[in-house]
Amino acid sequence: MNDGGVGRIRPKAAIRRSIKTSWLEWIVYGLTLIVLFLAVPFPVEARKLFYFACGLAGIAWAFDRKRPDTGVLLLLAALATFALYRVAHTVAEAGTFFPTIDAWQVYLSTANRFLMGLLLIGYLSTRAPSFHERWFRALCAALMLGLIATAVQELILHQARGERWQRATLFAYEVTAVFFAYFGLQLMRQINEKKHWLAPAVIGLLALGAVLWTETRTALLCFFIGSALLIILSERIRKWKVLGVAALLGAIVLTGCYSLLVKPRLMEAQNDISQYVSGENRATSLGTRFELWRASVMVFKPSPWLGGGYQQRAQIIDEAVERHRLDPVASHYSSVNMHNELLEELSLRGVAGGVLLLCVYFTAAALGWRRSCHAAPKNLALLGVIFAYVFSGLTDVLFFSREATVLFITLLAVLARAAPPGLPLRRSDA
C-alpha cells in the first residue's frame, strides 16, 4: 500500500515542479523548438525568431543564476573565443564595425550569431532537467516535423535543383544535420518495439530523398557514413540488425534513383577529375575546389600565424592567376570562400583561427561522447550534428552561411543536455 501510494505521489510532485517553471523558461523552450522547425525550409523566419529566443534566454539566465556544468562551459568558451577572434580580426582589417565589403559583413554577422547563441546554449543547458521527458519528446517532434516540411518543399514545391533561392548544397547539409539529430535521439532511447521504428524509417527515407534530389555528392556520402556510425556507436543489442535494415532501405532508394540522380553526378565527378588532371578545364565543380585548396595554401604561407585577411588573400590569388599559376575561377571565389572550412580559417585568420575552429569541434564532440550517467548512452544526436558539419566542411564552408550558423547553434543548444526519457542526469547536473 505504501509503495503504491508513493508511486501515485511522485507523478503529482513532478507535475507541480513543472508548473512552478517560470513562464519565461517555457517561452524560450517553445521559441527554440519553432526555430528548429523553421530552420531549413524557412531560414529567414527562423533567423528572426533565433534573435528573439537568444535575447529572452539572456534575460532568463540573469534571473536563473545557474551555471552550466564543466563540459558545457568549455564549449561556451570555445565558441566565444572563436567568435570574438573572428570579429577582432575582421574589424582590424576593415578598420570599422560597418565594412562595405559583403564578405566582411558575413564574417561579422556569423560571429554575432555565435555570440547570441551562447545565451541560448548556456540557459537551456541549465534548465533541461526541469521538464526532461516532455522536452525530449517535444524536441523529437520538432525535428521530425521540420524534416517533413523540408522534404515536402524540396520534393514537391522546388523539384529542380536550380529553383531554390538557397543553395542546394547548403540545403542538403542542413537536412543531413537535422536528420542526424533526430536519428541520434531515437537511437539513444534504445527502442525495442518494431512499431516504434516506423517513424524513424519514414523520416530517414524522406531526408535521404531530399538529399538525393539536391544531387549533392558530399552530403550523400555524409548521410550514409554518418548514419552507419551512429548505429555502430549506439548501445543497442541488435544494432547490426538495425544497420542491415537501414542499409537495405538505402540501397533500395539508391537503386530507384540511380539512373536519374546518382549516375549523372558520378559521371560528372569522373569527368571533372579527368579534365582537371589533363588541364583541359579547371573551372568544373570539383576542379574549382581543387584550385581553391591550392590557392589557400599559397595564401597561408606568407602569414601562417594570424593570417593575411580578406584583402591579402584576394591580392595573392589575383597575382597567381596573372602568372598562370591558378585558373581564373579562383579569383571569383576568393571573394566568397575556399570551399573548405579549415582552409578558409587558415587562409584568412591563420593557425590561430584554425586552432579555434578545431577547439569548437573538439569541445562539442567531447560533450557528446561524455555519458550523463552510468546507464545513459553517449549523446549520439550531438555527435551526429558535429559529424555532419565537420564532414560537410571538407568541401564547403558552412560558417560563411548565416542560416547554417543559426541551425548549428540552435542544435547545440537543444542537444547539449539531451538524454532519453527515464534516464537520470548526473547528480552534479541536477
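On average, residues of the chain score 86 in pLDDT, and 86% of them reach the 70 mark or higher. At the level of individual helices and strands, the chain shows its lowest average pLDDT in helix H1 (residues 2-19), which scores 43, and its highest in helix H15 (residues 380-392), which scores 97. Contacts for the low-pLDDT stretch residues 12-19, under 50 throughout, to residues beyond four places or in other chains number 5 contacts.

Before going further, it helps to examine a nonpolar patch on the surface. Together, Leu-221, Ile-225, Leu-229, Ile-232 and Trp-240 make up a nonpolar patch on the protein surface, roughly 470 Å² of accessible area in all. Among the elements that take part in the nonpolar patch, helix H9 (residues 217-233) stands out by supplying 4 residues, more than any other.

With that settled, the discussion passes to unusual backbone geometry. Backbone geometry follows two general trends: most residues other than glycine have a negative phi, and most peptide bonds adopt the trans configuration. For Arg-65, which is not glycine, the phi torsion reads 60° and is therefore positive. The backbone of Glu-215 sits at a positive phi, close to 60°, despite the residue not being glycine. Exposure remark for Glu-215: the relative accessible area of 24% places this residue in the partly exposed category.

It is worth spelling out the side chain of Thr-176 at this point. Mapped onto the elements of the fold, Thr-176 is located in helix H7 (residues 168-188). Leaving out residues up to four positions away in the same chain, Thr-176 has contacts with Val-211, Ala-219, Cys-222, Phe-223 and Ala-388.

This paragraph deals with helix H3 (residues 43-64). Given a rise of 1.5 Å per residue, 22 residues ought to cover 32 Å, and the 30 Å separating the end C-alpha atoms of H3 matches this to within 8%. If you check which residues of H3 are buried, you get Pro-43, Ala-46, Phe-50, Ala-53, Cys-54, Leu-56, Ala-57, Ala-60 and Asp-64. At its buried positions, H3 is contacted by helix H2 (23-38), helix H5 (102-127) and helix H16 (402-415). Just beyond H3, the residue with positive phi is Arg-65, at close to 60°.

The next subject is the environment of Phe-114. Within the secondary structure, Phe-114 sits in helix H5. With relative accessibility at 1%, the residue Phe-114 sits in the buried group. Sequence separation of Phe-114 and Ala-80 is 34 residues, and the distance between their C-alpha atoms is 7.2 Å.

Our focus in this paragraph is the packing of aromatic side chains. Under the defined criterion, the tally for this structure stands at 20 aromatic pairs. Relative to Trp-135, the ring of Tyr-29 lies with its centre 4.3 Å away and its plane at 85°, an arrangement referred to as edge-to-face. Here Tyr-29, found in helix H2, pairs with Trp-135, found in helix H6 (residues 132-157); they are 106 residues apart in sequence, far enough to count as distant. Taking relative accessible area as the criterion, Tyr-29 reaches 2% and is therefore assigned buried. Classification of Trp-135 as buried rests on a relative accessible area of 7%. With centroids separated by 6.0 Å and ring planes inclined at 20°, the aromatic side chains of Tyr-389 and Phe-399 adopt a geometry described as stacked. In this pair, Tyr-389 is assigned in helix H15 and Phe-399 in the loop between H15 and H16, connecting sequence segments 10 residues apart.

Before going further, it helps to examine the nonpolar core. Within the largest apolar cluster, 104 residues are counted, with the highest numbers of intra-cluster contacts made by Leu-79, Leu-185, Phe-408 and Leu-415. When residues of this core are assigned to their parent elements, the largest contribution, 15 residues, is made by H7. Residue contacts for Leu-79: discarding those within four places in its chain leaves Phe-114, Leu-118, Ile-121, Val-360, Phe-408, Ile-409 and Leu-412. Listed in part, the 11 residues of the second largest apolar core include Leu-292, Val-299, Ile-316 and Leu-326.

It is at 9 Å that the axes of H2 and H3 come closest, and there the two elements cross at 160°. Regarding the angle of H2 to H3, the classification is roughly antiparallel. Note on packing geometry: the crossing formed by H2 with H3 is left-handed. Note on element contacts: H3 touches H2 through Pro-43, Glu-45, Ala-46, Leu-49, Phe-50, Phe-52, Ala-53, Leu-56, Ala-57, Ile-59 and Ala-60, opposite Leu-24, Ile-27, Val-28, Leu-31, Thr-32, Ile-34, Val-35 and Leu-38.

Let us now look at the pattern of salt bridges. Counted according to the given criterion, the structure contains 10 salt bridges. In this structure, the salt-bridge partner of Arg-127 is Glu-25, at a minimum N-O distance of 2.8 Å. Within this pair, whereas Arg-127 is found in helix H5, its partner Glu-25 is found in helix H2, the two being separated by 102 residues in sequence. Judged by its relative accessible area of 0%, Glu-25 falls in the buried class. One connected set of salt bridges, linked through shared partners, spans Glu-25, Asp-64 and Arg-127.

Summarising the element assignment, Leu-170 is placed in helix H7. Considering only alpha carbons, one finds Leu-170 and Ser-401, 231 residues apart in sequence, at a separation of 8.4 Å. Ignoring any residue separated from it by four or fewer positions in sequence, one finds Leu-170 in contact with Leu-398, Ser-401 and Ala-404.

Criteria and cut-off values
Residues numbered from 1 in each chain as written. Predicted model: local features only at pLDDT ≥ 70, side-chain atom pairs only at ≥ 80, totals over all residues. Heavy atoms only, no water. pLDDT = per-residue confidence, 0-100. Helix = DSSP H or I, 4+ residues; strand = E, 2+ residues; numbered from the N terminus. Contact = heavy atoms within 4.5 Å. Patch = residues over 30% accessible without salt bridge, like charges linked within 9 Å, V, L, I, M, F, W, Y side chains within 5 Å. Areas by Shrake-Rupley, 256 points an atom, 1.4 Å probe, with all protein chains shown as cover. Salt bridge = Lys/Arg side-chain N within 4 Å of Asp/Glu carboxyl O. Buried < 20%, exposed > 50% of the residue type's maximum accessible area, 1.4 Å probe, protein only. Expected span 1.5 Å × (residues − 1). Phe/Tyr/Trp six-rings, centres within 6.5 Å; stacked < 30°, edge-to-face > 60°. Core = buried A, V, L, I, M, F, W, Y, C linked by side-chain atoms within 4.5 Å. Axes fitted to C-alpha atoms, helices over the stretch in contact; angles between N-to-C directions. Parallel < 35°, antiparallel > 145°, perpendicular 65-115°, else oblique. Left-handed = near helix turned anticlockwise from the far one by under 90°.

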